[in-house]
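As a plain string of letters, each chain reads:
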Amino acid sequence: MTDHATPHEPAALAETPAGTPAEAATETFAETSTGTPAEFPAAPAAETPEEHEARLARRSARRRAAARWATATLVFALAGTGAALAVTAPERTDLPGLATPGDGRYTFPPLTLPPLPSGSSTPDRTGGKNALHAADLRYLLLPAPKEAGGSLTPALYPVPTASATGAPSASATPTPTPTPSPTASASASASASASAGASPSTAPAGQAPADWVTCDAILADQRDPAELRALLLQDACRAATVREWTASDGTRTQIRLLRFGASFESWNVFSSLRSDARPNALPGAKSTSHSAWDTVEGVHLDAQESSAKGAKGTPNARVAYLCASDLVAVVTMTNPDGVPDAAFRQVVTLQSDLLA
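Residues numbered from 1 in each chain as written. Predicted model: local features only at pLDDT ≥ 70, side-chain atom pairs only at ≥ 80, totals over all residues. Heavy atoms only, no water.

Draft legend 1. Broad picture of the side chain of Gln254. Secondary-structure assignment places Gln254 in strand 3 (residues 252–260). Since its relative accessible area comes to 7%, Gln254 is described here as buried. Those residues within four positions of Gln254 in sequence are excluded, and the remaining contacts are Asp221, Val242, Arg243, Glu244, Val330, Val331 and Thr332. (Helix = DSSP H or I, 4+ residues; strand = E, 2+ residues; numbered from the N terminus. Buried < 20%, exposed > 50% of the residue type's maximum accessible area, 1.4 Å probe, protein only. Contact = heavy atoms within 4.5 Å.)

Draft legend 2. The arrangement of the environment of Leu152 in detail. As for its position among the elements, Leu152 is in the loop between helix 3 (49–88) and helix 4 (182–197). Judged by its relative accessible area of 38%, Leu152 falls in the partly exposed class. Sequence spacing of Leu152 and Leu111 is 41 residues, and the spatial spacing of their C-alpha atoms is 9.7 Å. When near neighbours in sequence (up to four residues on either side) are disregarded, Leu152 contacts Thr107, Phe108, Pro109, Pro110 and Lys146.

Draft legend 3. Region of interest: the packing of aromatic side chains. Tallying each qualifying case throughout the model produces three aromatic pairs. When the centroid spacing of 6.3 Å and the interplanar angle of 65° are considered together, the rings of Tyr106 and Phe108 count as edge-to-face. Taken individually, Tyr106 and Phe108 each receive the classification buried, so the pair is uniform in this respect. With a centroid separation of 5.2 Å and 45° between ring planes, the pair formed by Trp267 and Phe270 is classed as tilted. Highlighted residues: Trp267 and Phe270, both in helix 6 (residues 263–276), separated by three residues, approximately one helical turn. Assessed through its relative accessible area of 33%, Trp267 is described here as partly exposed. Judged by its relative accessible area of 0%, Phe270 falls in the buried class. Three or more aromatic residues joined by ring pairs make a cluster, and in this case those are Tyr106, Phe108 and Trp245. (Phe/Tyr/Trp six-rings, centres within 6.5 Å; stacked < 30°, edge-to-face > 60°.)

Draft legend 4. Here's a closer look at the confidence of the model for the protein. For the protein, per-residue confidence averages 75 on the pLDDT scale, and residues scoring 70 or more make up 66% of the total. In this model residues 10–16 is a low-confidence stretch, pLDDT under 50, and it forms one contact with partners more than four residues away in sequence or in other chains. Below pLDDT 50 for its whole length, residues 164–205 participates in 70 contacts with residues either more than four positions away or in separate chains. (pLDDT = per-residue confidence, 0-100.)

Draft legend 5. Up close: unusual backbone geometry. The phi torsion at Ala236 lies on the positive side, around 55°, for a residue other than glycine. Position of Ala236 among the secondary structure elements: in the loop between helix 5 (225–234) and strand 2 (237–246). Given a relative accessible area of 4%, Ala236 falls into the buried group. A positive phi angle is found at Ser325, which is not glycine, with a value near 55°. Following the sequence through the fold, Ser325 ends up in the loop between strand 6 (317–324) and strand 7 (327–334).

Draft legend 6. How the structure looks around the state of the cysteines. Considering all chains together, one arrives at one disulfide under this definition. Across the disulfide, Cys215 is cross-linked to Cys237 (sulfur-sulfur distance 2.2 Å). Residues Cys215 and Cys237 are joined through a disulfide that is left-handed, its torsion about the S-S bond being -80°. With Cys215 in the loop between strand 1 (211–213) and helix 5 and Cys237 in strand 2, this pair connects stretches of sequence that are 22 residues apart. Pair check on accessibility: Cys215 and Cys237 agree, each one buried. (Disulfide = S-S within 2.5 Å.)

Draft legend 7. Local environment of helix 7 (residues 341–355). Its 15 residues place the ends of helix 7 21 Å apart at the C-alpha level, agreeing with the 21 Å of an ideal helix rising 1.5 Å per residue. Within helix 7, 12 of the 15 residues are buried, leaving the element largely enclosed by the surrounding structure. For helix 7, the complete set of buried residues consists of Ala342, Ala343, Phe344, Gln346, Val347, Val348, Thr349, Leu350, Gln351, Ser352, Leu354 and Leu355. (Expected span 1.5 Å × (residues − 1).)

Draft legend 8. Molecular detail of the pairing of strand 3. The element strand 3 is largely enclosed, with a buried count of eight among its nine residues. With nine bridges connecting them, strand 2 and strand 3 associate as antiparallel partners. If you follow Ala240 over to strand 3, its bridge partner there is Leu258. Linking strand 2 to strand 3, which pair antiparallel, is a turn of five residues; within it Gly250 sits at a positive phi near 90°. (Pairing = 2+ DSSP bridges.)

Draft legend 9. Examining the packing of helix 5 against helix 6 more closely. As a packed pair, helix 5 and helix 6 sit with axes 10 Å apart at the nearest point and diverge in direction by 170°. Between helix 5 and helix 6, the crossing angle belongs to the class labelled roughly antiparallel. Residues Glu227, Leu228, Leu231 and Leu232 of helix 5 form the contact with helix 6, whose participating residues are Asn268, Val269, Ser272, Leu273 and Asp276. Partitioning the contact of helix 5 with helix 6 into residue classes produces five nonpolar, two polar and two charged. (Axes fitted to C-alpha atoms, helices over the stretch in contact; angles between N-to-C directions. Parallel < 35°, antiparallel > 145°, perpendicular 65-115°, else oblique. Nonpolar A, V, L, I, M, F, W, Y, C, P; charged D, E, K, R; others polar.)

Draft legend 10. Summary view of the pattern of salt bridges. Scanning the model with the defined rule gives six salt bridges in all. With a shortest N-O distance of 3.8 Å, Asp326 and Arg259 are connected by a salt bridge. Taken together, the residues Asp326 in the loop between strand 6 and strand 7 and Arg259 in strand 3 connect sequence positions 67 residues apart. The pair formed by Asp326 and Arg259 is uniform in burial state, with each residue classed as buried. Note that Asp341 is salt-bridged to Arg318, the shortest N-O span being 2.0 Å. With a gap of 23 residues between them, Asp341 in helix 7 and Arg318 in strand 6 connect regions that are remote in the sequence. (Salt bridge = Lys/Arg side-chain N within 4 Å of Asp/Glu carboxyl O.)

In structure tokens, the structure reads:
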């Protein structure tokens, strides 16, 4: 009897050789079902109470360390901010170790020019007929610095009038060919002071005006005044004013300001002073270079110093002659210990600014 495969026993499956796709699929399913320790890691063992406590302790230590670092950062930030405020709030010169050593310069109030009378203008610096200063002569002098007890309040000037400027008048002009006699000198001085004295004595708030003096008052500063007296008469000095102070470092400063009727007259006096003057304060005077100074347009300058030195190694006397349009200024600074270079340069430069 012939054997036939029943529907319940498929012969094709029984006869499928090993290594076929069907067999490979069966083996893969079997391996996947059984699994191995490498593919399915075992569940971790329950930690002991000691391990749990240690883990909590480590976590707490990390948190404390983070809190300490945050607190330290905040403290350093606050300290840095406080130090910055402590350094920047006060003046630099008030901080130990940061203050700049004093070089002798002074502290002046803010400088302002006095107002001009109605219809007047500033000098045109060309040497022509309009090259005249119309402002009140007393307020064109440098004020006293703080170191000499001066006020640091800016000056508030009174309203100028025609008589407040010390303007030249016909009566103040001497004869064209004067002689250096005491009578002529006294007459010219009286005329100049009369013209100057017409100005009101009202002082601006915070800064007193300079003092009016006679033109020949400058002769007291010279060892040989005869030639200068004749020159002041010849070139018709119209008015004069002076300011003096002594600073806390012992330096005495005197500034004289002379007004003339024209630029060529002031230039004659300026040229004579810088070449022939023999001031009492400067025995053995010699010219000194000022090429490195700040130049002031319209102001001519000549500086001289004494050959004698003070204890500080600087000349004990210095003089500067300035000429600006119709004005001549003489700056004299003396100090037995020596006149500081910076102070002399500062005073001369600021006075030049006022004249320019």
